Amino acid sequence: MPSPARRPRRRLQQPREQVLAAAMATIAAEGLDRLTMAGLGREVGMSSGHILYYFGTKDELLVQTLQWSEEQLGAERRAALSRRVPARERLDALVALYLPEGHRDPRWTLWLEVWNRSQNADDETRERQLDLELAWHRDLVALLVEGISKGEFRPVDAERFATRTRALLDGFGTHLVVGLPGTDRDQVLAHLRDFFDESLSADRD
């Protein structure tokens, strides 16, 4: 007999999407603190017990909501990277998608909460988190390699540059989402444009 953890996953594809979308909408409108199983259940017409039956714990609900959010953003990222424009223009588009829109950006608020809760997570959860990170990393590396091969970017170690760039983005992104005084999105984007000009411009060789 299938276990309760497996059986409903096949039966509840559309309601699952509704729960995850409702969770993200609640975070966007009211903040993460207002996200409760009871409130979420009222939004989608289910009991809190029913939601727990499908997701197990609030931590699991948050992880799956983050995965769902990243899937939506991933589609936008792939569309931006497939445009027939210079690699630098696509790099700027990737950065714009990566960074939070500003203070209390819901996607980044969720991201920070999931990472904070995962300090004692099991290996399987950590692998799922790593998959989210690697999706961005792989696309960034591929874009750098393409730009270098076409002479648009100066030769750099694409893997190392991507790792350092993501660390820079994470630092700036955290400052933006927590609302650090003196930091705004336009300022951050300007810093990053300068960084790429200094690090990647082929005409600097």
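In this report, we go over the structure that sits alongside the text.

What follows deals with the nonpolar core. Judged by nonpolar contacts, the single largest core of 54 residues is most densely connected at Val19, Leu40, Ile51, Leu99, Leu144 and Leu192. With 8 residues, the top contributor of residues to this core is helix α5 (residues 58–81).

Here Arg128 is to be found in helix α8 (residues 123–149). Of note is the side chain of Arg128, whose polar atom sits 3.2 Å from the side chain of Gln67. The residues contacting Arg128, other than those within four sequence positions of it, are Glu60, Val63, Gln64 and Gln67.

It is worth spelling out the packing of helix α3 (residues 37–44) against helix α4 (residues 48–55) at this point. Between two packed helices, what matters for the description is the angle formed by their axes and the separation of those axes. For the pair α3 and α4, the least separation of the axes is 8 Å and the interaxial angle reads 100°. Here α4 runs roughly perpendicular to α3, going by the angle between their axes. Of the residues in α4, those touching α3 at Met37, Ala38, Leu40, Gly41 and Val44 are Ser48, Ile51 and Leu52. Class assignment of the residues belonging to the contact of α3 with α4 gives a composition of 6 nonpolar, 2 polar and no charged.

The next thing to look at is the environment of Asp197. Position of Asp197 relative to the elements: it lies in helix α10 (residues 185–200). Since its relative accessible area comes to 28%, Asp197 is described here as partly exposed. Once the C-alpha coordinates of Asp197 and Arg83 are considered, the two residues, 114 residues apart in sequence, prove to be 21 Å apart. Looking at Asp197, its side chain comes within polar contact range of the side chain of Arg88, at 2.7 Å.

Estimated volume of the largest pocket: approximately 220 Å³. For the largest pocket, the lining is made up of 14 residues, of which Ser69, Leu73, Glu76, Asp105 and Arg107 are closest to its centre. Of all the secondary structure elements, the ones that give two or more residues to the lining of the largest pocket are α5, α6 (87–98) and α7 (106–117). At 5 residues, the largest contribution of residues to the lining of the largest pocket is made by α5. For the lining of the largest pocket, a count of residues per class yields 8 nonpolar, 2 polar and 4 charged. Of the voids in this model, the second largest pocket is the one considered here, and its volume is about 170 Å³. Around the second largest pocket sit Ile27, Glu30, Gly31, Leu32, Asp33, Lys58, Leu62, Arg104, Pro106, Thr109, Glu113 and Arg117, which together line it. For the lining of the second largest pocket, the elements supplying multiple residues, two or more each, are α2 (13–30), α5 and α7. Counting residues per element, the lining of the second largest pocket draws most heavily on α7, at 4 residues.

How each quantity is defined
Residues numbered from 1 in each chain as written. Predicted model: local features only at pLDDT ≥ 70, side-chain atom pairs only at ≥ 80, totals over all residues. Heavy atoms only, no water. Core = buried A, V, L, I, M, F, W, Y, C linked by side-chain atoms within 4.5 Å. Buried < 20%, exposed > 50% of the residue type's maximum accessible area, 1.4 Å probe, protein only. Helix = DSSP H or I, 4+ residues; strand = E, 2+ residues; numbered from the N terminus. Polar contact = N/O pair within 3.5 Å; in protein donor to acceptor, adjacent residues only side chain to side chain. Contact = heavy atoms within 4.5 Å. Axes fitted to C-alpha atoms, helices over the stretch in contact; angles between N-to-C directions. Parallel < 35°, antiparallel > 145°, perpendicular 65-115°, else oblique. Nonpolar A, V, L, I, M, F, W, Y, C, P; charged D, E, K, R; others polar. 1 Å grid on protein atoms, 1.4 Å probe; cavity = no way out; pocket = protein on both sides within 12 Å on 5 of 7 lines; lining within 4 Å. Points joined across faces, edges and corners; volume = space filled by probe spheres on them.

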